[in-house]
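Listed below are the residues making up each chain.
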Amino acid sequence: MARILKRTELAPKIVELVLDAPDIARQHKPGQFIILRPDARGERVPMSVANVDVARGTITTVIQEVGVTSAKLCAMKAGDEVASVVGPLGRPTHIEKFGLAVCVGGGAGIPPLHLIAKRLKETGNYLISILGGRDKRYVLMESEMRAISDEVILTTDDGSYGKKGFVTVALQELIDSGRHLDYVLAIGPPMMMKAVAEVTRPHKIMTVASLNTIMIDGTGMCGACRVSVGGKTNFVCVDGPEFDAHLVDFDEMMKRLRMYRTQEQLAYERYLQHAGACAG
């Protein structure tokens, strides 16, 4: 179990939870993730880590409500206990002094960038962060990313904040300006990461994507998180979550993510109906 110490709503249906998890906080490295289970009968879902405080023994995760389990987690309050928190899982981000590093985050993909970007900056890289969202509300953790970045570029789909357009437009403009990019990390929706990879591919810029696939046990045993990378099968939970974005078969990955969408949507609708009935 892990007690929720603080709950903050960052945007509609996006919640930040600070968890009391000293063992995980002590061992976690940037890029690794956790698996949460809200209650004894709940499913296990992978979540990223946005912040770690070793002295306080806490980890921070940001959760976007998209289904039953994420809705249960988002509904929890400070003082509640999450049934289980497993981690840290996955391989840490490979970090070195690349030169000019660009971190690209979209919506709920921004929080996972924070610790990685911080470490990249600490390692001596010149850091540019490109942060995007549907509108201003979904450009998350702007102040935290500004504190560790040399430059920050903001984009919104509707033009309500920063540049109008997708993060890929800002990335392309950066490349077209003639600046030499040595490393790009993308975290966000699969379509966004695929688009980032296509922007950098012609320029042969090292590009890494952090994948969030269907996952159950987190040890590579179930095989639910398998993804094709360079024509070979990898398991995101143990071989990743980060891979060479130019080698990831994003189309296959997105197809697998849609496999249970109908069942997930029906379950979510039933959950919302039940929650509404109980509230009434």
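Here is what the cut-offs are and how they apply
Residues numbered from 1 in each chain as written. Predicted model: local features only at pLDDT ≥ 70, side-chain atom pairs only at ≥ 80, totals over all residues. Heavy atoms only, no water. Axes fitted to C-alpha atoms, helices over the stretch in contact; angles between N-to-C directions. Helix = DSSP H or I, 4+ residues; strand = E, 2+ residues; numbered from the N terminus. Parallel < 35°, antiparallel > 145°, perpendicular 65-115°, else oblique. Contact = heavy atoms within 4.5 Å. Buried < 20%, exposed > 50% of the residue type's maximum accessible area, 1.4 Å probe, protein only. Pairing = 2+ DSSP bridges.

Visitor: What's the story with the packing of helix α6 (residues 190–200) against helix α8 (residues 250–257) in this structure? I'm lost.
Guide: A pair of packed helices is characterised by two quantities: the angle between their axes and the separation of those axes. Put simply, α6 and α8 touch, their axes get as near as 10 Å, and they point 180 degrees apart. Taken as axis vectors, α6 and α8 run roughly antiparallel relative to one another. Residues Pro190, Met191, Met193, Lys194 and Ala197 of α6 form the contact with α8, whose participating residues are Phe250, Asp251, Met253, Met254 and Leu257.

Visitor: How should unusual backbone geometry be read in this particular structure?
Guide: Across the chain, the bulk of peptide bonds are trans and the bulk of non-glycine residues have phi less than zero. Cis peptide bonds are those with omega within 30 degrees of zero, and the linkage from glycine 87 to proline 88 qualifies with 0 degrees. Looking at the element boundaries, proline 88 is found in strand β8 (residues 84–89). In the Ramachandran plot, lysine 13 falls in the positive-phi region, its phi being about 65 degrees despite a non-glycine side chain. If you trace the backbone, lysine 13 turns up in the loop between β1 (2–11) and β2 (14–20). By relative accessible area, lysine 13 is classed as partly exposed at 45%.

Visitor: Is there a simple way to think about the sheet that holds strand β7 (residues 81–82) in this case?
Guide: For sheets, the rule is that strands pair by backbone hydrogen bonds, running either parallel or antiparallel. Pairing in this open sheet of five strands is antiparallel, and the strands run β5-β6-β2-β1-β7 from one edge to the other. Each end of this open sheet is capped by a strand with a single partner; those strands are β5 (51–53) and β7. Bridge analysis of β1 against β2 gives six bridges, and the strand direction is antiparallel. What sits directly across from glutamate 9, in β2, is valine 15. Along the sheet, helix α2 (residues 68–75) contacts β1, β2, β6 (58–64) and β7; its crossing angle with β6, the most-contacted strand, is approximately 125 degrees.

The values are spatial; any link to function lies outside them.
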